[in-house]
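Working through the structure, step by step
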Amino acid sequence: MAEKVDLEEVKASNGVAHRDEPLANGLTGQKKSGPEPLSKRVKRIVRANLLVILTVAGVIVGVFMGLGLRSVSLTKTQEIYIGFPGEILIRLLKMIIIPLVVCSLVSGAASIDPKALGKLGGWAMLFFLVTTLIASSIGVVMAFIIKPGNVIMTKTTGNDGMTDEVPAHKEVVDSFLDLIRNIFPSNLVSAAFQSYATSYKLVSRNNTMNITVETVPFGTDQDGMNILGLVVFAIVFGVALRKLGDEGEILIKFFNSFNEATMVLVSWIMWYAPFGIMFLVAGKIVEMEDVGKLFASLGKYIACCMIGHAIHGLLVLPGIYFIITRKNPYTFLWGIFTALATAFGTSSSSATLPLMMKCVEEKNGVSKHISRFILPIGATVNMDGAALFQCVAAVFIAQLNNTSLNFIQVITILVTATASSVGAAGIPAGGVLTLAIILEAIGLPTTDISLILAVDWLVDRTCTVLNVEGDAFGAGLLQFFVDRTSKHEEVAECIEVRMDGDLSAATPEHSPLIDKRGLEGTKSDFSAEKESAM
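Residues numbered from 1 in each chain as written. Predicted model: local features only at pLDDT ≥ 70, side-chain atom pairs only at ≥ 80, totals over all residues. Heavy atoms only, no water.

If you look the protein chain up in an unreviewed UniProt entry, it shows as Amino acid transporter from Ilyodon furcidens. The annotation that UniProt attaches to the protein chain under Sequence similarities (unreviewed entry) is "Belongs to the dicarboxylate/amino acid:cation symporter (DAACS) (TC 2.A.23) family." (UniProt positions renumbered as here; feature names shortened; annotations may be inferred.)

1. Side note on the overall build of the protein chain
Counting secondary structure elements, the protein chain contains 21 helices and two strands. Counting over 534 residues, the protein chain shows a buried share of 43%. Relative to all contacts within the protein chain whose residues are 6 or more apart in sequence, the contacts with residues 24 or more apart total 81%. On the protein chain, roughly 29200 Å² of surface is accessible, and the fraction owed to carbon and sulfur atoms is 64%. (Helix = DSSP H or I, 4+ residues; strand = E, 2+ residues; numbered from the N terminus. Buried < 20%, exposed > 50% of the residue type's maximum accessible area, 1.4 Å probe, protein only. Contact = heavy atoms within 4.5 Å. Areas by Shrake-Rupley, 256 points an atom, 1.4 Å probe, with all protein chains shown as cover.)

2. Observations regarding the confidence of the model for the protein chain
Overall, the prediction assigns the protein chain a mean pLDDT of 77, with 77% of residues at 70 or greater. Per-residue pLDDT, averaged within each element of the protein chain, yields its smallest value for helix H1 (residues 2-13) (41) and its largest for helix H13 (residues 329-335) (92). Counting contacts from residues 154-164, a segment whose pLDDT is below 50, to residues more than four positions away or on other chains yields twelve contacts. Ignoring residues within four places in sequence, the model shows residues 503-520, a span with pLDDT below 50, making two contacts including any to other chains. (pLDDT = per-residue confidence, 0-100.)

3. Describing the side chain of Lys358
Among the secondary structure elements, Lys358 is positioned in helix H15 (residues 349-362). Note on Lys358: relative accessible area 13%, which makes it buried. For Lys358, the residues in contact, after removing those within four places along its chain, are Met263, Val266, Ser267 and Met270.

4. Remarks on the pattern of salt bridges
In total, this model carries seven salt bridges according to the counting rule given. Arg181 serves as the salt-bridge partner of Asp178, at 2.9 Å between the closest nitrogen and oxygen. Of this pair, Asp178 and Arg181 both sit in helix H7 (residues 172-183), three residues apart, which is roughly one turn of that helix. Since its relative accessible area comes to 3%, Asp178 is described here as buried. Judged by relative accessible area, Arg181 falls into the partly exposed class, the value being 37%. Taking the shortest distance from any N to any O, the salt bridge between Arg372 and Glu260 comes out at 3.0 Å. Here Arg372 is found in helix H16 (residues 368-381), whereas its partner Glu260 is found in helix H10 (residues 249-270), with 112 residues between them in sequence. Linked by salt bridges that have partners in common, Glu260, Glu361, Lys368 and Arg372 make up one network. (Salt bridge = Lys/Arg side-chain N within 4 Å of Asp/Glu carboxyl O.)

5. Thoughts on the environment of Glu171
Inspection of the secondary structure puts Glu171 in the loop between helix H6 (114-146) and H7. Of the residues examined, Glu171 reaches a relative accessible area of 42% and is grouped as partly exposed. Sequence separation between Glu171 and Ile437 is 266 residues; the distance between their C-alpha atoms is 7.4 Å.

6. Let's talk about a nonpolar patch on the surface
Residues Leu38, Val42, Val46, Leu50, Ile53, Leu54 and Trp271 make up a contiguous nonpolar surface patch of about 640 Å² in total accessible area. Where the nonpolar patch is concerned, the elements lending two or more residues are helix H2 (38-48) and helix H3 (50-70). In this fold, Val42 is placed in helix H2. (Patch = residues over 30% accessible without salt bridge, like charges linked within 9 Å, V, L, I, M, F, W, Y side chains within 5 Å.)

7. Looking at H3
Over its 21 residues, H3 extends 30 Å from the first C-alpha to the last, a length consistent with the 30 Å expected when each residue adds 1.5 Å. By the burial criterion, the buried members of H3 are Leu51, Val52, Thr55, Gly58, Val59, Gly62 and Gly66. Buried residues along H3 cover an arc of 115° about the axis, so they all sit on one side. Packed against the buried residues of H3 are H10, helix H11 (273-287), H13 and helix H14 (337-346). (Expected span 1.5 Å × (residues − 1). Arc of directions from axis to C-beta.)

8. A short note on the nonpolar core
Residues Tyr301 and Ile413 are the most contacted members of the largest nonpolar core, which totals 112 residues. When residues of this core are assigned to their parent elements, the largest contribution, 17 residues, is made by helix H20 (residues 449-506). Excluding its chain neighbours within four sequence positions, the residues that come into contact with Ile413 are Val140, Cys391, Ala394, Val395, Leu405, Ile438 and Ile442. (Core = buried A, V, L, I, M, F, W, Y, C linked by side-chain atoms within 4.5 Å.)

9. Concerning H7
The first and last C-alpha atoms of H7 sit 17 Å apart over twelve residues, in line with the 16 Å expected at 1.5 Å per residue. Listed in full, the buried residues belonging to H7 are Asp174, Ser175, Asp178, Leu179 and Asn182. The buried residues of H7 occupy an angular sector of 150° when the element is viewed end-on, so they sit on one face.

10. Focus: the packing of aromatic side chains
Under the criterion given, the structure shown has 13 aromatic pairs. Measuring from centroid to centroid gives 5.1 Å for Trp123 and Phe481, while their planes differ by 50°, and the two rings are tilted. With Trp123 in helix H6 and Phe481 in helix H20, this pair connects stretches of sequence that are 358 residues apart. Judged by centre distance (5.6 Å) and plane angle (20°), the ring pair of Phe233 and Phe237 falls under stacked. Remark: Phe237 and Phe233 occur in helix H9 (residues 227-244); sequence separation between them is four residues, near one turn of the helix. (Phe/Tyr/Trp six-rings, centres within 6.5 Å; stacked < 30°, edge-to-face > 60°.)

What follows is the structure in structure tokens.
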């Protein structure tokens, strides 16, 4: 009876069903369904990719809406009203950032073994560092090939109303010290909306003979989330909860539940994203002053950045993913298309983080432990697009000032862009702030950043798309690494089991029956010897 039950279970597990039992597709085991009708197939594909289709439609409609409204003379107030639905999308996404980042990192760090956590973090940082360095190199090479700064133009282009946005002078050392200070925030509550920044004041000292004036740095709090400090705290706090063992389980469950509830909110926000993106794109096109003049003077610079971003995003990152995993990288890209379109619309990698988590988990099969641990780190640390744009901008400003860059200065641009992109805020125009560090490092005037600001609204969008794409590919590669490691461990366990089996086969069995027969054999031998002796 038991054998019969086992056979039936095996048949059921192998997909063999009884005649009367319904299969998963709702049909009985007697007949197989015919080919799916084209209308049903189209409907199924549209339903599966509805959000992506709506997002693409939103971007296209937004472009045409913006171009159409440019012909109408709108007031500044009316332009602001057009962008209002898009503003709501950005506010919704920013609202969800802090609970998502903190809870996902705490639960992620608490659920991963500390050794595996260190290994995962090390692989992720290596991938982010290498890809950022490659992006910086592409930016420098593209700038030297296209030569965007070798154009006849006045330096006043784009200065209208933007001069006050040029970052103040800051020493390179102080910039990196600020980065370290922000890793360790003095107040977690203020880190949610403020970060540390160095300013300068002149201090005069009266000596007996002369008066010396010294520029002394002092700390100030500037508006903007200190996401780097929050990320570091959340990871360390998660590791600490794991160390507590059973005592920390309650708090880990709380953060897991909080995280799941946050992702439900994200899934609701995702369906508003196409509508918000449409008005974001339309509003930005309406706000543009003179498009023809802008592209005539800075067209080569824009083309240089966009071509560099396209090379890195469509060839380099997919190439790395394919070489390591042997999987189709463009299928992976299609899975995160909604997040990429949101990145283009919002121009903020931090605001795109909730949607990116949802996409890589549901479309690309990345586990929650990996996506919710790596993606917040990537949104803070990995800035491929920003590094590439900063290198192009630095060479562009050097060419504009007729300054020839030597080999040491080029290496300085590469290293500084890679290092400073770590501290670039995941907010719109965050890369422009760190561009000043590179210009200071190679001795170029920071006032020329006003030229970059004139077209930053456009270039920054492709930067953000590249940034979040790099984060997603990093998560996909780590998932592959974890899967391969687990397979190796399973194979090693199987080999151990087989070796144990061979060892047990090689050793003689001590069966009572064998022992008894052996004993009888020895007795008979002994009696035979006894008889022969007699």
